[in-house]
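Fold and contact review
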Amino acid sequence: MRKDFLPFTRPAINESDIQAVTEVLRSGWITNGPVNAAFEKAVCDFTGNSHGVALSSATAAMHLLLKAMKIGPGDEVITPSMTWVSIVNMIVLAGAKPVFVDVDRETLLVTPEAIAAAITPHTRLIVPVHFAGAALDLDGIRRVAGSIPVVEDAAHALGTWYKGRHIGSTGTAIYSFHAIKNVTTGEGGMLVTDDKAFADSIRAWKFHGIGMDAFDRQNRGRSPQAEVLFPGFKYNLTDICAALGLSQLNRIVNINTKRRELAMLYRHELADIPEIRPLADPQGYDFRHAWHLFVVRVDSPKMGRDEFMTALKAENIGTGLHFRCAHLQKYYREEMGFRPGMLPATEYNSDHICSLPLFPDMDFEDVIDVVKAIKTVLGRK
Ligand SMILES: *Cc1c(COP(=O)(O)O)cnc(C)c1O
């Protein structure tokens, strides 16, 4: 058995990250300011989009965009149930109705066909997820969406390309920089968009509805008597956080290359264990995976997924669960009437998926340890 515990993930923090954060701490300006602006520009340069708004989380981005789009009671928002539940919570808190679409059983991606079937005259927004870092069929989704806005949940997709263009290069997408994401700010997020008016509106919504923040007032010579145009929120990102994100973004290509190499080794090593089935790549279009997660389905007559995770932990291997489907969680079952059987592929995966350790500071030997431990707990040689 492995001597030390291998966690499911660990943030990749190096000396230049620490240096970058330290500089902000010594600079005299620690909340959002010049480093936020630099981080926004860097994410735009990397993704190819034109406006970035740094925020305290991707959940905040979702909250603000629903407000800015005036989505509320009577409106429907299409999204998968196989997503991080905060997205669904924001839809419900806005007073709108989440309309869940099933995912492809092997990729966990929503398909244009499933979205087309869920569209009604009340549909105001579609929020598909680039699950685990694989790319959605964006052309297909945009075609069925027609004039209905699509906001891509790109929380897993920094470093994902679709047909030669980075995810979020056009339209509107939201990224997360939560501690486990490929680039982290501890907590943080960003909305990118090619619509300047929308970006300006999100900026106002993120800071009290004033339309400018303390940094604008002090350093950009705008009116210090700026007024509240409407009551907004306070979802700005600190420069302490932005400095970490900016520093990490400099090596996103290296980070994701290492993730890919580890993922390829997993695929190779797991190929002869039929009870452990990794997700499949989507077919029919060219894309580049960001390998945010390495998700497998545990399909063994010997043990269920939960037992498998517990057994691996006893072997000093950590795992994660991304995600338990939203529609069968207590509130959604009891208050909104969602029932088992509504989304068969989502529910099958919700019961069988598990995320294996994957982070850039892992060694290839660690992958071998994980596979050995899997064989041990499944009673294989
Ligand atoms: C992490 C995540 C989010 C939310 O990100 P936060 O920054 O933690 O709010 C949203 N959607 C998906 C699919 C995620 O994995």
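The structure presented is a predicted model; accordingly, all values stated were derived computationally and were not measured. (Residues numbered from 1 in each chain as written. Predicted model: local features only at pLDDT ≥ 70, side-chain atom pairs only at ≥ 80, totals over all residues. Heavy atoms only, no water.)

Entries for the protein in the domain assignment read domain 1 (15-249) and domain 2 (254-377). Relative placement of domain 1 and domain 2: their C-alpha centres are 25 Å apart. Across the boundary between the two partners, domain 1 contributes 38 residues, which contact 37 residues of domain 2. Buried surface at the junction of domain 1 and domain 2, both sides included, amounts to about 3,200 Å², of which 62% is carbon and sulfur. A per-residue breakdown of the area domain 1 buries against domain 2 is headed by Arg-105, Glu-106 and Asn-182, which together make up 19% of the total. (Domains from an automatic or database assignment. Contact = heavy atoms within 4.5 Å. Buried area = accessible area lost by both parts, 1.4 Å probe.)

All right, on to the packing of helix H3 (residues 58-68) against helix H4 (residues 85-93) then. Where H3 contacts H4, the axes come no closer than 9 Å and their chain directions differ by 25°. With respect to H4, the element H3 is oriented roughly parallel. Between H3 and H4 lies a crossing of right-handed hand. Here Thr-59, Met-62, His-63 and Leu-66 of H3 lie close against H4, whose contacting residues are Ser-86, Ile-87, Met-90 and Ile-91. (Axes fitted to C-alpha atoms, helices over the stretch in contact; angles between N-to-C directions. Helix = DSSP H or I, 4+ residues; strand = E, 2+ residues; numbered from the N terminus. Parallel < 35°, antiparallel > 145°, perpendicular 65-115°, else oblique. Left-handed = near helix turned anticlockwise from the far one by under 90°.)

Turning next to the site of the ligand. Taken together, 16 residues sit near the ligand, with Thr-59, Asp-153, His-156, Ser-176 and Lys-181 positioned nearest. Between the ligand and Asp-153 there is a distance of 2.7 Å, counted from a nitrogen atom to a side-chain nitrogen or oxygen. Side-chain polar atom of Ser-176 to an oxygen atom of the ligand: 2.7 Å apart, as the coordinates give it. Look at the ligand: alone it shows 380 Å² of surface, and the protein chains cover 93% of it. The class makeup of the residues in the shell around the ligand is six nonpolar, eight polar and two charged. (Near = heavy atom within 4 Å. Polar contact = N/O pair within 3.5 Å; in protein donor to acceptor, adjacent residues only side chain to side chain. Areas by Shrake-Rupley, 256 points an atom, 1.4 Å probe, with all protein chains shown as cover. Nonpolar A, V, L, I, M, F, W, Y, C, P; charged D, E, K, R; others polar.)

For helix H1 (residues 15-27), with 13 residues, the first-to-last C-alpha span of 18 Å sits near the 18 Å given by 1.5 Å per residue. Within the span of H1, buried status applies to Asp-17, Ala-20, Val-21 and Val-24. Seen end-on, H1 carries its buried residues on one side only, within an arc spanning 90°. Across H1 from its buried face, at more than 90 degrees, point the exposed residues Glu-15, Glu-23 and Arg-26. Those residues of H1 that are buried lie in contact with helix H2 (34-47) and helix H9 (239-249). (Expected span 1.5 Å × (residues − 1). Buried < 20%, exposed > 50% of the residue type's maximum accessible area, 1.4 Å probe, protein only. Arc of directions from axis to C-beta.)

On to the packing of aromatic side chains. Each aromatic ring pair is described using two quantities: the centre-to-centre distance and the angle formed by the ring planes. Overall, the coordinates contain 13 aromatic pairs when judged by the stated rule. With 5.9 Å between their ring centres and 35° between their planes, Trp-84 and Phe-323 make a pair best called tilted. Of the two residues, Trp-84 sits in the loop between strand E2 (76-80) and H4 while Phe-323 sits in the loop between helix H11 (305-314) and helix H12 (330-334), which places them 239 residues apart along the sequence. With 5.5 Å between their ring centres and 5° between their planes, Phe-233 and Tyr-235 make a pair best called stacked. What makes Phe-233 partly exposed here is its relative accessible area of 24%. Across from the ring centre of Tyr-348, 3.8 Å away, lies the NZ or CZ of Arg-105, which sits over that ring. Its end group placed over the ring of Phe-364, Lys-258 keeps NZ or CZ at 5.5 Å from the ring centre. (Phe/Tyr/Trp six-rings, centres within 6.5 Å; stacked < 30°, edge-to-face > 60°. Lys NZ or Arg CZ within 6 Å of the ring centre and 35° of its normal.)

A few words on the sheet that holds strand E4 (residues 123-126). In spatial order, the strands read E3-E2-E4; together these three strands make up an open sheet with parallel pairing. Pairing within the sheet leaves two strands with one partner each, and these edge strands are strand E3 (97-101) and E4. Recorded for the sheet is a direction-independent mean angle of 35° between the axes of neighbouring strands. As judged from the five bridges shared by E2 and E3, these two strands associate in the parallel manner. Considered in E3, the bridge of Val-77 is made with Pro-98. (Pairing = 2+ DSSP bridges.)

Right, let's talk about the pairing of strand E13 (residues 353-356) for a bit. Both faces of E13 are covered, namely the face carrying Ile-353 and Ser-355 and the face carrying Cys-354 and Leu-356. Bridging between strand E12 (residues 294-298) and E13 involves four bridges; their strand directions are antiparallel. Bridge pairing in E13 places Val-296 opposite Cys-354.

Let us look at the nonpolar core. Counting 54 residues, the largest nonpolar core has Phe-39, Phe-131, Ile-167, Phe-177 and Leu-249 as its most contacted members. Broken down by secondary-structure element, the contributors of at least two residues to this core are H1, H2, E3, helix H5 (112-118), helix H6 (138-145), strand E8 (172-176), strand E9 (189-193) and H9. It is H2 that contributes the most residues to this core, four residues altogether. There are two domains that each give this core at least three residues, and those are domain 1 (15-249) and domain 2 (254-377). Non-local contacts of Phe-177, meaning those with residues more than four positions away in its chain, are made with Phe-39, Val-43, Leu-158, Val-183, Thr-184, Thr-185, Gly-186, Glu-187, Gly-188, Gly-189 and Met-190. Residues Leu-270, Leu-358, Val-370 and Leu-378 belong to the second largest nonpolar core, which totals 29 residues. (Core = buried A, V, L, I, M, F, W, Y, C linked by side-chain atoms within 4.5 Å.)

Relative to the 20 Å expected for 14 residues at 1.5 Å per residue, H2 spans 20 Å between its end C-alpha atoms, a close match to the ideal helical length. Taken together, the buried positions of H2 are occupied by Val-35, Asn-36, Phe-39, Glu-40, Ala-42, Val-43, Cys-44 and Thr-47. Downstream of H2 by a residue or two, Gly-48 has a phi angle that is positive, lying close to 95°.

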